[in-house]
Amino acid sequence: MKSPVHLNALRAFEASTRHQSFSAAAAELNVTPAAVGQLVRTLEDWLGTPLFLRGSSGRARLIPTETAERALPDIRAGFDRIALGLERLKEGATSGMLTVAVSPAFAAKWLLPRIERFQTAWPDTDVRLDTNLKPVDFVAQRVDIGVRYGMGRWPGLTAEKLMDEEVYPVCSPQLLREHRRLKKPNDLARQTLIHDLSMDSHTSFPTWDAWLQQAGVKDVDTARGMKINNSAAVLQAAVEGHGVALARSVMARDDLATGRLVRLFPEITVPSALAYYIVYRPECASLPRLAAFRDWLLEEATEQQE
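Residues numbered from 1 in each chain as written. Predicted model: local features only at pLDDT ≥ 70, side-chain atom pairs only at ≥ 80, totals over all residues. Heavy atoms only, no water.

### Focus on the sheet that holds strand E6 (residues 158-163)
Hydrogen bonding along the main chain pairs the strands of a sheet, whether they run parallel or antiparallel.
Next, step 1: Strand order in this open sheet of 5 strands is E4-E3-E5-E13-E6, and the pairing throughout is mixed. With one partner strand each, in any of the chains shown, strand E4 (125-131) and E6 form the two edges of the open sheet. Each adjacent strand pair in this sheet contributes to an overall mean axis angle of 25°, direction not counted.
Next, step 2: Here E6 pairs with strand E13 (residues 275-280) via 5 bridges, running antiparallel. Counterpart to Lys 161 in the pairing with E13 is Tyr 277. (Pairing = 2+ DSSP bridges. Helix = DSSP H or I, 4+ residues; strand = E, 2+ residues; numbered from the N terminus. Axes fitted to C-alpha atoms, helices over the stretch in contact; angles between N-to-C directions.)

Pasting the structure below:
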């Protein structure tokens, strides 16, 4: 591979062709117009041919020659490749930006309460959270790593299981005190059920119908109740006493630990068919920032299960 010669001169030449002006190119490159002109002349001397037709007046005083016009696409492509290479070098450092894609609810109920521990351990890594309910394009949106909830299969991504979970009814302590007869699953027939619609299109997403069937309850009307399309908001509605929510254990853990919510019927265990997975592009697996965040997520999940 031949090394590029006169790299600064090529930059000056490319900028001058776009602006058709040494002065405008100089402003972009943060040098003087005289420096740009000298760089271009140096390149012309080395090549032995002029690169511009220089006019004495008018808006476009610099017009690239036919030879220069033919070379420009390759030169610009070369600069794009150099820029991409520099991005790759930056990715290999532990310092810099790490873009993490998660759902808004997972960010609010699990990740954000813990993220300070990662930042303390890796102070040179800046975390940028991309919160979205819909899957994102990791390449187009420059996402490094994410956490997704599902069956563990996403085309083009490596998926490592982070956490399993179970589902169970929860309510506020006050609601439980007010409804002392809320002692067995059949008693849910007299309560407002709070439904989570955040993944309503996924056939395996836990629903009240599925939980009640597992619990052997048939006389509860699940068509009624409060319907919310955000898992964090579902739990908040339960905390505020608006009804009984079907909680996902990963999301509800902190609210249960602080006493903001109470788990009902703990003798009934219903595992979710879905789980949380760490996802990333396989070609990025060895990047230091990504590997550090992945290992931290796994450590946090292990501590939670202990």
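Anyway, onward from the coordinates.
### Focus: the layout of surface pockets
Next, step 1: Roughly 470 Å³ of volume is contained in the largest pocket.
Next, step 2: If you trace the largest pocket, you find 23 residues lining it, with Ser 103, Asn 132, Leu 133, Tyr 149 and Met 199 closest to the centre.
Next, step 3: Contributing elements (two or more residues each) for the lining of the largest pocket: strand E3 (96-102), helix H5 (104-111) and strand E5 (145-150).
Next, step 4: Sorting elements by how many residues they give to the lining of the largest pocket places E5 first, with 4 residues.
Next, step 5: Of the residues in the lining of the largest pocket, the class split is 13 nonpolar, 7 polar and 3 charged. (1 Å grid on protein atoms, 1.4 Å probe; cavity = no way out; pocket = protein on both sides within 12 Å on 5 of 7 lines; lining within 4 Å. Points joined across faces, edges and corners; volume = space filled by probe spheres on them. Nonpolar A, V, L, I, M, F, W, Y, C, P; charged D, E, K, R; others polar.)

### Concerning a nonpolar patch on the surface
Next, step 1: Judged by side-chain polarity, Leu 7, Ile 82 and Leu 86 come together as a nonpolar surface patch covering roughly 250 Å² of accessible area.
Next, step 2: Examined against the element boundaries, Leu 7 turns out to sit in helix H1 (residues 7-19).
Next, step 3: Residue Leu 7 is classed as partly exposed on the basis of its relative accessible area of 36%. (Patch = residues over 30% accessible without salt bridge, like charges linked within 9 Å, V, L, I, M, F, W, Y side chains within 5 Å. Areas by Shrake-Rupley, 256 points an atom, 1.4 Å probe, with all protein chains shown as cover. Salt bridge = Lys/Arg side-chain N within 4 Å of Asp/Glu carboxyl O. Buried < 20%, exposed > 50% of the residue type's maximum accessible area, 1.4 Å probe, protein only.)

Purely geometric numbers; function is a separate question.
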